[in-house]
Protein chains: 2
Amino acid sequence: MRVLGVDPGLTRCGLGVVDGGAGRTVSCVAVDVVRTPADADLATRLLTVADAVETWFDTYRPEVVAIERVFSQHNVRTAMGTAQAGGVVALGAARRGLPVHFHTPSEVKAAVTGSGRADKAQVTGMVTKLLGLAKAPKPADAADALALAICHLWREPMRARLAAAEARAAELAKVHRSRLAEAAKKNARAGR
Amino acid sequence: MRVLGVDPGLTRCGLGVVDGGAGRTVSCVAVDVVRTPADADLATRLLTVADAVETWFDTYRPEVVAIERVFSQHNVRTAMGTAQAGGVVALGAARRGLPVHFHTPSEVKAAVTGSGRADKAQVTGMVTKLLGLAKAPKPADAADALALAICHLWREPMRARLAAAEARAAELAKVHRSRLAEAAKKNARAGR
């Protein structure tokens, strides 16, 4: 499975493509950062990010897109820009029928380093090691994009199993409820 | 000038097209709300909003797009969705070369009602009156989209004048600085 990991942003948007192999083996296909000028207007910056991602879709043909879920940041203005950059990437993927998954920063850190509170240096270090890269990807946004892709590759089987289990449980609950309703009706008819 | 006003959102995205005439006259061309199901995934919801806006671009051919600027909301999750919906609308406009402007809620309220703290009912009331509508547009997101378009039509001449004045001032300052630098050089050569 080939995953495009995206660390969304307007100033820097990290993009990383990772192939997942047997077991936990992962290999880096491409990594880069898209930058947009801070003095450009928002719509133009979003267009630059969206166009870059389109090129990556064409060039690397990922099967899934994994985007960092933005919850909040100290700077609301930055958080909004980050959310919007992530939104246009998700839109581009949806237009191509590619599944999109969001992972929180702590999920990504936990998947890659074992700790949800790892710092940027630890994430970069583990990403470099896991992918067997000759040197550490820079800036941190590039390493984060690769970490997102790895996180998705490793979490996805679990997520899929969980989703299947929940769907089965919901189906069983439905059957159970309809039987209960039938029994209640029968009891009512019996005058009880 | 024809403006598409957008009150962005995933649950409800307000769209309103307003034509500006001589002076402050405004007329309503179209107004509606796009809804996306809360249980759909984010990428699909963004695609629904983006597709609806594309249809509006084709049908009503606005010359400018005015979007509500999201600063923050009590619910961070909602704020992110709102920002992302606004982002995909801005992207669609940028793809067509349409200018995009953002206005804050208080700018919109002030433009339409005279007070930046007007409530929803007051905004809806003024929008209905200004556009001479037979009945109030509902829900509030529809009225807000029309208010955004009106706000843009009324603020734009001022904004354009201000931008021109600022550009002129920057140019003058540049000339002034280069003359100062020349004078300093001359003084240095004169050994002073």
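Each value, and the rule that gives it
Residues numbered from 1 in each chain as written. Chains lettered and ligands numbered in written order. Predicted model: local features only at pLDDT ≥ 70, side-chain atom pairs only at ≥ 80, totals over all residues. Heavy atoms only, no water. Pairing = 2+ DSSP bridges. Helix = DSSP H or I, 4+ residues; strand = E, 2+ residues; numbered from the N terminus. Axes fitted to C-alpha atoms, helices over the stretch in contact; angles between N-to-C directions. Contact = heavy atoms within 4.5 Å. Phe/Tyr/Trp six-rings, centres within 6.5 Å; stacked < 30°, edge-to-face > 60°. Lys NZ or Arg CZ within 6 Å of the ring centre and 35° of its normal. Expected span 1.5 Å × (residues − 1). Buried < 20%, exposed > 50% of the residue type's maximum accessible area, 1.4 Å probe, protein only.

Colleague: Lay out the sheet that holds strand 1 (residues 2–7) of chain B with the relevant residues and their values.
Modeller: Think of a sheet as strands paired side by side through backbone hydrogen bonds, with each pair either parallel or antiparallel. Residues and elements named next belong to chain B. Spatially, the five strands line up as an open sheet ordered 3-2-1-4-5, and their pairing is mixed. Among the strands making up the open sheet, the edge pair consists of strand 3 (26–35) and strand 5 (100–103). For this sheet the average axis-to-axis angle between neighbouring strands, irrespective of direction, equals 20 degrees. Bridge count for strand 1 against strand 2 (residues 12–20) is six bridges, and the pairing is antiparallel. Paired with Asp7 across the strands is Gly14, a residue of strand 2. This element, helix 5 (residues 140–189), spans strand 1, strand 2, strand 3, strand 4 (64–68) and strand 5 of the sheet and lies at about 45 degrees to strand 2.

Colleague: Quick one: what's the story with the packing of aromatic side chains, residue by residue and with numbers?
Modeller: Aromatic rings considered in pairs are described by the distance between their centres and by the relative angle of their planes. Inspection of the entire model under this criterion finds two aromatic pairs over all chains. A centroid spacing of 4.9 Å and a plane angle of 55 degrees characterise the contact between Trp56 of chain B and Tyr60 of chain B, whose relative ring orientation is tilted. Of this pair, Trp56 of chain B and Tyr60 of chain B are both found in helix 1 (residues 42–60), four residues apart, which corresponds to roughly one turn of the helix. The ring of Trp154 of chain A has Arg24 of chain A lying over it, and the distance from NZ or CZ to the ring centre is 3.9 Å.

Colleague: Can you lay out helix 1 (residues 42–60) of chain A for me, pointing to particular residues and giving the numbers?
Modeller: With 19 residues, helix 1 of chain A should cover 27 Å at 1.5 Å per step; its first-to-last C-alpha distance of 27 Å lies within 8% of that length. Where helix 1 of chain A is concerned, the buried positions are Ala43, Arg45, Leu46, Leu47, Val49, Ala50, Ala52, Val53, Trp56 and Phe57 of chain A.

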